[in-house]
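# Fold and geometry: a report
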Amino acid sequence: MAKQRVVLAYSGGLDTSVAVHWITQEWDAEVVALAVDVGQSTDDDWDTIRNRALAAGAVEAQVVDAREEFATDLCLPAMRANALYEGKYPLVSSLSRPVIVRHLVRVAREQKADAVAHGCTGKGNDQVRFEVSTRALAPDLDVLAPVRVWGFTREDSIDYAAKHEIPIKVRKDNPYSIDENLWGRAIECGAMEDPWATPPEEPFTLTNQTATEPWELTLRFEAGVPVAVDGKQLPLHELIAEVTRVVGSYGWGRVDMVENRRVGIKSREVYECPGSLALIMAHADLESVTLERDLMREKARLEPRYAELVYDGLWHSPLRRALDAFVDSTQEMVSGDVRLGLGPGRCNVVGRRADKGLYDYELATYDAADQFRHQDAEGFVRLWGLGLETIARRQGPPE
Ligand code: ARG
């Protein structure tokens, strides 16, 4: 019988490198390693990463640049939905899994593979996202999770790599688990597993404060899509990277939270997401001047639900698609500019203007330009309070 063929989501790190070798040996399968570029910074270039997979025993190793589609198909809808899990986390890792799975399934088809594989542990959310997304797209493919099976500690994995001459540089004293893409960076483990402990500075890379000079960054949105920074038009993936770079250089954009994982564990998580947090903040602000009140409130009610679906691995659910259709229908007028004021440790909206906003100066002003019909207010307010007034007259005022 022909050997099983498995397409592995390959990061170039310790676990997935060990996984290439382990699947090949223990499950007697052929491994095709697939590295997906979603805008993460890597210690090595993609060629080195590809060669490492081959050295670990992969029959083939591919790298795909998915930055543009990640930005357009995943980050953008999440930004338009102002999606923050538990009010804080812009869904960095949650958003990348569906796009990685899209490519895993594509390559699995091209390779006539029997299964896909990932390097996630049994305690996290990422296994849920990989497996649920794969089953939603390709229910006939098996999903293999070697890390859940082998039971290695980090030390064991390092020893395994050394024994089988897998060319990987690891520091035994590096305690962090890091996941990064265009939308930000998640940092777990080490000293941060104590939720009382202040996170050490060392693992941060996107939010080290170097800029000191106060600055204003102007973001231009068209129909809910960010299109330019300081007047310079950029493709979305470059725009996200640019906002990340500028806002991050002010040391702003960290999140420190204890979150509820899908698998029932509370977990202390530290994120640095200067770009995504700044874009969501600016976008939501522009909505405040362009969306009608009821629409804005209903949208706000749905946004946490949207974030939960994405977090819980249900990107492919009909509810997520329906919510996206709703969000889409709200964005037509969300065009204009937002100014972000930046200073050390600070990023906030300092001004906004919409192309066709609902802010009407002549209605809002208290000066001579005032066009508001003050006499209309009297009857309106009387009717507004009529029910309560009737209670007081007929039944007596509340205690
Ligand atoms: N807790 C976050 C999430 O579930 C981050 C996960 C980070 N993943 C990782 N492999 N370190 O989305």
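Everything below is about the structure printed above this text.
First things first, this report covers the structure right here in the doc. Everything numeric in this text was worked out from a predicted model, so none of it was measured.

### Some points on the overall build of the chain
Summing up its helical and strand segments, the chain has 14 helices and 14 strands in all. If one aligns the C-alpha atoms of the chain with their principal axes, the spans along those axes are about 85 × 50 × 45 Å. Taking all 399 residues of the chain together, 49% fall into the buried category. Counting contacts in the chain only where the partners sit at least 6 residues apart, residues at least 24 apart contribute 72% of the total. Taken as two groups, the 46 positive and 64 negative side-chain charges of the chain have centres that lie 3 Å from each other.

### Comments concerning the sheet that holds strand β7 (residues 184-188)
The four strands lie next to each other as β6-β7-β12-β11, forming an open sheet whose pairing is antiparallel. Each of the sheet's edge strands pairs with one partner strand only, and the pair in question is β6 (177-181) and β11 (254-260). Put simply, the sheet's adjacent strands are angled 25° from each other on average, direction ignored. Sitting on the sheet, helix α4 (residues 92-110) touches β6 and β7, and the angle it makes with β6 is about 65°.

### Description of the site of the ligand
Around the ligand lies a shell of 14 residues, among which Tyr89, Asn125, Asp126, Arg129 and Glu259 are the nearest. Within the side chain of Glu188, a nitrogen or oxygen atom sits 3.0 Å from a nitrogen atom of the ligand. Between the ligand and Tyr271 there is a distance of 3.1 Å, counted from a nitrogen atom to a side-chain nitrogen or oxygen. For the ligand, whose free accessible area comes to 350 Å², the fraction covered by protein is 89%. Looking at the shell around the ligand, the elements that each hand over two or more residues are α4, α5 (126-137), β6, β7 and β12 (266-272). For the shell around the ligand, the per-class residue count stands at four nonpolar, four polar and six charged.

### Digging into the packing of α4 against α5
The interhelical angle for the contact between α4 and α5, taken along N-to-C directions, is 40°, at an axis separation of 9 Å. The orientation of α4 with respect to α5, classified from their angle, is oblique. In this structure, the crossing between α4 and α5 has a hand that is right-handed. Between α4, through Ser93, Ser94, Arg97, Pro98, Ile100, Val101, Arg102, Leu104 and Val105, and α5, the contact on the second element is made entirely by Asp126, Arg129, Phe130, Ser133, Thr134 and Leu137. Here the contact of α4 with α5 is built from residues that sort into seven nonpolar, four polar and four charged.

### Concerning the packing of aromatic side chains
On inspection of all chains with the given rule, the structure shows eight aromatic pairs. For the ring pair Tyr89 and Tyr311, a centre distance of 6.3 Å and an interplane angle of 90° mean the geometry is edge-to-face. In this pair, Tyr89 sits in the loop between α3 (67-80) and α4 while Tyr311 sits in helix α10 (residues 293-311), placing the two residues 222 residues apart along the sequence. Accessibility assignment for this pair places Tyr89 and Tyr311 in one class, buried. An aromatic cluster is present here, built from Trp22, Trp27, Trp150, Phe152 and Tyr160 joined pairwise through their rings. Positioned above the aromatic ring of Tyr311, the side-chain terminus of Arg129 is 4.9 Å from the ring centre. Between Arg320 and the ring centre of Trp315, over which it is positioned, the NZ or CZ distance is 3.8 Å.

### Structural notes on the sheet that holds strand β1 (residues 4-9)
Taking strand neighbours across the sheet as the criterion, the five strands line up as β3-β2-β1-β4-β5 in an open arrangement whose pairing is parallel. Here the strands that pair on one side only, and so sit at the sheet edges, are β3 (60-65) and β5 (142-144). Put simply, the sheet's adjacent strands are angled 25° from each other on average, direction ignored. One ladder, built from three bridges, connects strand β4 (residues 115-117) with β5; its direction is parallel. Bridging from a neighbouring strand, Val116 pairs with Val143 of β5. Contacting β2 (29-37) and β3, helix α2 (residues 46-55) crosses the sheet at an angle of about 150° to β3.

### Some points on the nonpolar core
Residues Val7, Phe70, Leu95, Trp183, Val243 and Leu340 are the most contacted members of the largest nonpolar core, which totals 79 residues. The element best represented in this core is α4, accounting for nine residues. Not counting chain neighbours up to four residues away, the residues in contact with Val7 comprise Val32, Leu34, Leu104, Val107, Ala108, Ala113, Ala115, Val116 and Ala117. The next biggest cluster of nonpolar side chains, apart from the first, holds 28 residues, and it includes Ala29, Ala53, Trp150 and Ala161.

### Here's the deal with a nonpolar patch on the surface
A cluster of nonpolar side chains, Phe380, Val381 and Trp384, forms an exposed patch at the surface whose accessible area comes to about 420 Å². You can see Val381 is positioned in helix α13 (residues 374-384).

### A few points about the pairing of strand β9 (residues 225-229)
Consecutive side chains of a regular strand alternate in pointing toward one face of the sheet and then the other. Counting buried residues in β9 gives four out of five residues, a clear majority hidden from the surface. Bridging between strand β8 (residues 215-222) and β9 involves four bridges; their strand directions are antiparallel. By the bridge assignment, Leu219 is partnered in β9 with Val229. Linking two consecutive strands that pair antiparallel, namely β8 and β9, is a turn of two residues; a positive phi of about 45° is found at Ala223 within it. Pairing of β9 with strand β10 (residues 232-233), which is carried by two bridges, proceeds in the antiparallel orientation. Paired with Val229 across the strands is Lys232, a residue of β10. Hairpin remark: β9 followed by β10, antiparallel, with two residues in the connecting loop; positive phi at Asp230, about 50°.

Procedures and definitions
Residues numbered from 1 in each chain as written. Predicted model: local features only at pLDDT ≥ 70, side-chain atom pairs only at ≥ 80, totals over all residues. Heavy atoms only, no water. Helix = DSSP H or I, 4+ residues; strand = E, 2+ residues; numbered from the N terminus. Buried < 20%, exposed > 50% of the residue type's maximum accessible area, 1.4 Å probe, protein only. Contact = heavy atoms within 4.5 Å. Lys, Arg positive; Asp, Glu negative; His and termini not counted. Charge placed at Lys NZ, Arg CZ, Asp CG, Glu CD. Pairing = 2+ DSSP bridges. Axes fitted to C-alpha atoms, helices over the stretch in contact; angles between N-to-C directions. Near = heavy atom within 4 Å. Polar contact = N/O pair within 3.5 Å; in protein donor to acceptor, adjacent residues only side chain to side chain. Areas by Shrake-Rupley, 256 points an atom, 1.4 Å probe, with all protein chains shown as cover. Nonpolar A, V, L, I, M, F, W, Y, C, P; charged D, E, K, R; others polar. Parallel < 35°, antiparallel > 145°, perpendicular 65-115°, else oblique. Left-handed = near helix turned anticlockwise from the far one by under 90°. Phe/Tyr/Trp six-rings, centres within 6.5 Å; stacked < 30°, edge-to-face > 60°. Lys NZ or Arg CZ within 6 Å of the ring centre and 35° of its normal. Core = buried A, V, L, I, M, F, W, Y, C linked by side-chain atoms within 4.5 Å. Patch = residues over 30% accessible without salt bridge, like charges linked within 9 Å, V, L, I, M, F, W, Y side chains within 5 Å. Salt bridge = Lys/Arg side-chain N within 4 Å of Asp/Glu carboxyl O.

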